[in-house]
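The chain contents come next:
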Amino acid sequence: MKEAYQIKKIAIVAGESSGDILGAGLIRELKKKYPEASIEGIGGELMEAQGCRSLYPMDKLAVMGIVPILKRLPELLKIRRELARRWRKNPPDLFIGVDAPEFNIGLAQKLKLVGIKTIHYVSPSVWAWRPKRIFKIKKAVDLMLCLFPFEQEIYNKHFIDNTCVGHTLADEIPLYTDKSEAKASLGLDENTRYICVMPGSRGSEVKYLAEDFLNTTKLVKQFYPEIKFIAPMANDARKEQFQKAIDAADELPSIKLIDGQSRTAMAASELILMSSGTATLEGMLIKRPMVVAYRFGGLSYRIYKKLLIIDTYSIPNLLTGETIVPEAVQDECTPDALFSEIRAWLDTEPERWEYTLQKFMEWHQKLRKNADVYAADYIANWYSKQNIMPRDK
C-alpha cells in the first residue's frame, strides 16, 4: 500500500492570466513531488505546458464586474456543474482553485461535501468587501494560500488553515532594474523620458479607461513636450481595442504600442499610468512611480461601493497601509486629476520618492519567499498530516 500522503490526481482551476502564472509554477513544483500524478481542470497555455489537461478554455472564466458576470452566469454555472459532476464521479485527491473566487469557492464547496480536500490559492478580498463571505469560505476551503501577510488575520480568526506563500512576482523580478538596459531592449532612445501607459488586460478595463488615459497624454505633452509614451499590450485583442481608441481621438501625441513586455516597458519608464490590479504590484517591484486608476460600469460600481469596507484599491497602498501611490477611481478618474498626480511625481521633491522607494524595497524583500516551492512544500506537508488513505483511481 502506498503512503497516505501520496497524491495521484489533482484538479485545478484558474480563471485568468495571473492565475495561469501562479498555477503553472505550483504545478511544476508539485510534479517534482508527485511525478506520476495526473492533473486536469481549467488553465491557460502556461499550465498546459506544465502538464495540466484543460477541460475548458480559460477565457470562459475571465469575467470582471457584476453585470458582465450576470450576463455570463448560465454558462459559468453550467461549466461548474459539469466539473463538479466529473470530479465527484472520479474524485481527485486535491482540488486547487487558483483565484477566480466567485467560480472556485462554490466549486470547492461541492467537492468538499464528498470528502475531497480543497485548497484555494490567492485569498479572496474578504478584508476589502463582502466580509461575510468568510463563512462560505470556511465551509468550502480546507487550506488557504495567501499572497500577502495582512490577509492571514481573518483566516486565523475563523480557524481556517492558512499560510502566506509570498508572491511569485517578487521572486521573478530583481531587486534592482536598469532603466537604460530596458530602453535598449525595447529599442528606445536612451536620452528620452517615457511614461508607460497601461489601460488594463481586460476588455472592460480598456473600455472604461482608454479615453481618460489618452486625454491625459495630451495634457502631459503640452506641459512636458520632451516626454514620449509607450503602451505594452497584454494581447492582440487589447491591442486592437486600444488602437481603435487611439484612432478615434484627436491630436494625440505619438504612443508606441508594444506587444507584451510590460515589465520591460515599466522598467524603461519614468512613471506608469496604470489600471488597478496585479500590475500595480509589478510596478512596485520594478520600483517606478505610478498613478493608479480604475472605472467600473455604473451599476457595478454602485453595487461594489455599498459592499466595500476599504477606501484604497492598489496593492502598494494595501501592503503599506499608506496612500503611497495616488489613486483615481470612478468619478475621480479624469484627465485633469490624472495629470495633476503625474505632474506631482515628475516635479516632486527627492524626499517623497526616496521614502516611496524605501517602502517598495522593504515589501519586495518581505514577499520574496520562493512562492512556487514554498506553496508546493506546504501543500505536501499539510496533505500528509490529513491521514487520508489514497483512493483507487
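Residues numbered from 1 in each chain as written. Predicted model: local features only at pLDDT ≥ 70, side-chain atom pairs only at ≥ 80, totals over all residues. Heavy atoms only, no water.

1. Here we look at the overall build of the protein
In terms of regular secondary structure, the protein is built from 17 helices and 13 strands. The buried share among the 393 residues of the protein stands at 51%. In the protein, the proportion of contacts linking residues at least 24 apart, taken out of those at least 6 apart, comes to 70%. For the protein, the accessible area works out to roughly 18000 Å², and carbon and sulfur atoms hold 50% of it. (Helix = DSSP H or I, 4+ residues; strand = E, 2+ residues; numbered from the N terminus. Buried < 20%, exposed > 50% of the residue type's maximum accessible area, 1.4 Å probe, protein only. Contact = heavy atoms within 4.5 Å. Areas by Shrake-Rupley, 256 points an atom, 1.4 Å probe, with all protein chains shown as cover.)

2. Here we look at the sheet that holds strand 13 (residues 327-329)
On the basis of which strands lie adjacent, the open sheet formed by 6 strands has the order 10-9-8-11-12-13 and parallel pairing. Either end of the sheet is taken by a strand with one partner, and the two such strands are strand 10 (255-259) and strand 13. In this sheet, adjacent strand axes meet at a mean angle of 20° when their direction is disregarded. (Pairing = 2+ DSSP bridges. Axes fitted to C-alpha atoms, helices over the stretch in contact; angles between N-to-C directions.)

3. Some points on the pattern of salt bridges
What the rule picks out here adds up to 22 salt bridges. Across the salt bridge formed by E29 and R28, the nearest N and O atoms sit 3.2 Å from each other. Taking relative accessible area as the criterion, E29 reaches 9% and is therefore assigned buried. For the salt bridge of E322 with K359, the shortest nitrogen-to-oxygen distance reads 3.6 Å. With E322 in the loop between helix 14 (315-320) and strand 13 and K359 in helix 16 (residues 350-367), the pair connects residues that are 37 residues apart, well separated along the chain. By relative accessible area, K359 is classed as buried at 16%. Several salt bridges share partner residues, and in doing so they unite K9, E40, R53 and R86 into one network. (Salt bridge = Lys/Arg side-chain N within 4 Å of Asp/Glu carboxyl O.)

4. Let's talk about the nonpolar core
Core analysis: the largest hydrophobic core is formed by 91 residues, its most contacted members being I96 and Y121. Not counting the four nearest positions on each side in its chain, Y121 is found in contact with L22, L26, I96, G97, V98, D99, L145, L147, V165, T168, A371 and A375. Core analysis: the next-biggest nonpolar cluster, separate from the first, contains 28 residues, I195, V197, F213 and L273 among them. (Core = buried A, V, L, I, M, F, W, Y, C linked by side-chain atoms within 4.5 Å.)

5. Notes on the sheet that holds strand 7 (residues 161-164)
A sheet is described by the order of its strands in space; here 7 strands give the open sequence 3-2-1-4-5-6-7, paired in parallel fashion. Among the strands making up the open sheet, the edge pair consists of strand 3 (53-54) and strand 7.

6. Observations regarding the side chain of K183
Along the chain, the position of K183 falls in helix 8 (residues 179-186). One buried charged side chain, K183, makes no salt bridge at all; its nearest oppositely charged neighbour is E270, positioned 4.6 Å away. Those residues in contact with K183, other than ones at most four positions away along the chain, are L188, D189, E190, T192, Y194 and A268. (Lys, Arg positive; Asp, Glu negative; His and termini not counted.)

7. Regarding helix 15 (residues 335-346)
Over its 12 residues, helix 15 extends 16 Å from the first C-alpha to the last, a length consistent with the 16 Å expected when each residue adds 1.5 Å. Where helix 15 is concerned, the buried positions are P335, L338, F339, I342, W345 and L346. Along the axis of helix 15, the buried positions cluster into a sector of 120°, meaning they face one direction only. Of the surrounding elements, those touching the buried residues of helix 15 are strand 8 (194-198), helix 9 (203-223), strand 11 (271-275), strand 12 (290-294), strand 13 and helix 16. (Expected span 1.5 Å × (residues − 1). Arc of directions from axis to C-beta.)

8. Some details on the environment of I154
Here I154 is to be found in helix 6 (residues 152-157). Between the C-alpha atoms of I154 and V126, which are 28 residues apart in sequence, the distance is 8.2 Å. Once you skip the residues sitting within four places of it in the chain, I154 turns out to touch V126 and I134.

9. Concerning the pairing of strand 12
Across the 5 residues that make up strand 12, a large majority, 5, are buried. Covered by surrounding structure in strand 12 are M290, V292 and Y294 together with V291 and A293, the residues of both alternating faces. Regarding topology, helix 12 (residues 278-286) serves as the crossover connection from strand 11 to the parallel strand 12, and that connection is right-handed. The pairing of strand 12 with strand 13 spans 3 bridges and is parallel. Bridging from a neighbouring strand, Y294 pairs with V329 of strand 13. (Right-handed = clockwise from strand over helix to strand, strands pointing away.)

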